[in-house]
Amino acid sequence: MSGCHSKQCGVGNDELDFLPESIRKKVENHPCYSQEAHHFYARMHVAVAPACNIQCNYCNRKYDCANESRPGVVSELLTPEEAAKKVLAVAMTIPQMTVVGIAGPGDPLANPDRTFRTFELIKEKAPDIKLCLSTNGLKLIDYIKKIKELDIDHVTITINAVSPETASKIYPWIFYNHKRYRGLEAAKILLERQYEGLQACVENGILVKVNTVFVPEINGEEIEELSKKVRKLGAFLHNIMPYVEGDGTAFQKMGIKPPTPQQLKEVQEKCESHMSLMRHCRQCRADAVGLLGEDRGQEFTKDKISKLEIRYDPEFRRAVHESIEKEREKLKKAKALLFTNTKEENDITVLVAVASKGGMLVNEHFGTAKEFLIYEVSSAGIKFIHHRKVTPYCHGSISCLDGSDILEDTISKLSDCKAIIAAKIGFEPRDVLEQKGIQCVDEFAYLPIPEALAKYYEKYVLNKETVGV
Ligand code: CLF
Ligand code: SF4
């Protein structure tokens, strides 16, 4: 049996138990740093940083920073004051929002005044909210003191290469110390500053996640070495993100292709023996609001926020978090009892797609699911692999695809899965899916995902009638 079964990869629930108390406190309700937390807690980004000091070949400056965000979507730029007000509004409407990140639309540290003023205001008005920063790393080392002062405990650095040769294929230029550098010289300066920034963060007790944009034909051969290197320098988590083809980018013009899900899975498998990986990233927008994978930004536009009177109530938020923690504790205890009934000699490993809209529950219908969580299930337990985005089958009139095209597309994305577990699956798609060999299971509706997967495994894979959970 390969891989790390019986636990969730990345920093999941089980891993949290083994972390020192000080680090556990920092990550246990951070939806990006803890795989398990992302089912319960939300994040928001405030788009206050328009400028950038480097050029990445996968980026089109008209859009958000592709190092942390999905290219192709434009943010509404905010002043620090507008951003702070928005944070308070979201915090009271979505009290499970625990983290505010600044991730663009350019680079936060190319806009230091706006970025740090925003963090100052949030720290003053809502000190219970964690602060998070995502940067290309060029200016990071210059701001360590400020980052520390403001208790920004989480920093993401996008590092895409180990060698300057590879880096020079990604970055045509950087703007540093009032001067534009190009080619190998630019790549050398950038890499040196990124790795120095990483070390300085670690030395100052700041948790670092490294994002790497995986572009197979450009940096594919270096990712494993990169993973080892950032681990050695003390990074906490490595997020290997697939390059997304953005409109009008240099890579698009050069015909550079994004990785297939299989290429991504392979590279993640190589790296996971060296480093904890983040596998649940949704490459969210620089103004994203809500649980990962969900975007409630439209509820909090500048116009709507400007009309609001907000009274921030930390007690109300604390009460919500306490009830979430009780629920998590219950689920954790229940999870510990799962897979005690299965035997190694019966070991069969299957991939299963689960429809969920949060709370770690099977609580989404097949027809309305915008994504599926893919788990590997074996007699030893479950392992989260990644999510796969789909077009909802019940799409109303907003899609140009008709129902059968959508279903074909979903089937092609889930063709390696043995089953779909959802809260409800209608007769029409069920027939087609089952003809294609994908089991449709909705009898475990509203159960916690680990329990549903254990029951499914025992009943449908091991063919046992009694389920010991
Ligand atoms: Fe935002 Fe990034 Fe902080 Fe998370 S996102 S700044 S660490 S709060 Fe998270 Fe979104 Fe992936 Fe980023 S899912 S794109 S990793
Ligand atoms: Fe674009 Fe971000 Fe790269 Fe700057 S750092 S060029 S905004 S992807």
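Computed from a predicted model, the values in this text were never measured in an experiment. (Residues numbered from 1 in each chain as written. Chains lettered and ligands numbered in written order. Predicted model: local features only at pLDDT ≥ 70, side-chain atom pairs only at ≥ 80, totals over all residues. Heavy atoms only, no water.)

Asker: Describe the overall build of the protein chain, and please don't skip the residues or the numbers.
Answerer: Scanning the protein chain for helices and strands turns up 16 helices and 16 strands. A compact globule built from 469 residues would reach a C-alpha radius of gyration of about 23 Å, and the protein chain, at 22 Å, matches this within 12%. Taken along its principal axes, the extent of the C-alpha atoms in the protein chain is 70 × 50 × 50 Å. Across the 469 residues in the protein chain, those meeting the buried criterion constitute 57%. Of the roughly 19800 Å² that the protein chain leaves accessible, carbon and sulfur atoms contribute 51%. (Helix = DSSP H or I, 4+ residues; strand = E, 2+ residues; numbered from the N terminus. Rg over C-alpha atoms; globule rule 2.2 N^0.38 Å. Buried < 20%, exposed > 50% of the residue type's maximum accessible area, 1.4 Å probe, protein only. Areas by Shrake-Rupley, 256 points an atom, 1.4 Å probe, with all protein chains shown as cover.)

Asker: Before we move on, can you summarise the site of ligand 2 with the specific residues and values?
Answerer: Near ligand 2 lie 13 residues; those nearest to it are C52, C56, C59, C65 and N67. Residue classes in the shell around ligand 2 are distributed as 8 nonpolar, 4 polar and 1 charged. (Near = heavy atom within 4 Å. Nonpolar A, V, L, I, M, F, W, Y, C, P; charged D, E, K, R; others polar.)

Asker: Pulling in residues and values, what's your account of the sheet that holds strand β16 (residues 439-441)?
Answerer: In a beta sheet, neighbouring strands are held together by backbone hydrogen bonds and run either parallel or antiparallel to one another. In spatial order, the strands read β14-β13-β12-β15-β16; together these 5 strands make up an open sheet with mixed pairing. Of all the strands in the sheet, the pair left with one neighbour each is β14 (381-389) and β16. Geometrically, the sheet is characterised by an average inter-axis angle of 25° between neighbouring strands, direction not taken into account. With 3 bridges connecting them, strand β12 (residues 350-354) and strand β15 (residues 419-421) associate as parallel partners. If you follow A353 over to β15, its bridge partner there is I420. (Pairing = 2+ DSSP bridges. Axes fitted to C-alpha atoms, helices over the stretch in contact; angles between N-to-C directions.)

Asker: Residue-level account of the packing of aromatic side chains, with values.
Answerer: Considering all chains together, one arrives at 9 aromatic pairs under this definition. Here the aromatic rings of Y456 and Y460 are separated by 5.5 Å at their centres, their planes lie at 20°, and the arrangement is stacked. With a gap of 4 residues between them, Y456 and Y460 both fall in helix α16 (residues 449-461), about one helical turn apart. Looking at Y456, the relative accessible area reads 0%, which means it is buried. Following the ring pairs from residue to residue traces out a cluster consisting of Y58, Y243 and F251. Residue placement shows R180 over the ring face of W173; its charged tip is 4.2 Å from the ring centre. (Phe/Tyr/Trp six-rings, centres within 6.5 Å; stacked < 30°, edge-to-face > 60°. Lys NZ or Arg CZ within 6 Å of the ring centre and 35° of its normal.)

Asker: Can you break down the sheet that holds strand β4 (residues 130-135) residue by residue, with the values?
Answerer: The strand order across the open sheet built from 8 strands is β10-β9-β8-β5-β4-β3-β1-β11, with neighbouring strands paired in mixed fashion. One side of each edge strand has no neighbouring strand; the edge strands of this open sheet are β10 (277-278) and β11 (289-290). Two strands pair when backbone bridges link them, and strand β5 (residues 154-158) and strand β8 (residues 207-214) are joined in this way by 5 bridges, in the parallel orientation. The partner of T158 across the bridge, within β8, is N211. Of the strands in this sheet, β1 (42-45), β3 (97-102) and β11 are in contact with helix α3 (residues 80-93), which crosses β3 at around 155°. Along the sheet face, helix α9 (residues 223-232) touches β8, β9 (237-242) and β10 and points at about 175° away from the line of β8. (Contact = heavy atoms within 4.5 Å.)

Asker: Before we move on, could you go through the site of ligand 1 and cite the residues and values that matter?
Answerer: Near ligand 1 you find 16 residues, and of these C32, H45, E68, C132 and C284 are the closest. Residue composition of the shell around ligand 1, grouped by class: 7 nonpolar, 5 polar and 4 charged.

Asker: Let's hear about the nonpolar core: which residues, and what values?
Answerer: With 74 residues, the main nonpolar core has M97 and L198 as its most contacted residues. Broken down by element, this core gets its largest block of residues, 9 residues, from helix α7 (residues 183-203). Beyond its immediate chain neighbours, meaning those up to four positions away, M97 contacts A42, R43, M44, V87, V90, A91, I129 and R317. Residues F40, Y41, L331 and Y456 belong to the second largest nonpolar core, which totals 29 residues. (Core = buried A, V, L, I, M, F, W, Y, C linked by side-chain atoms within 4.5 Å.)

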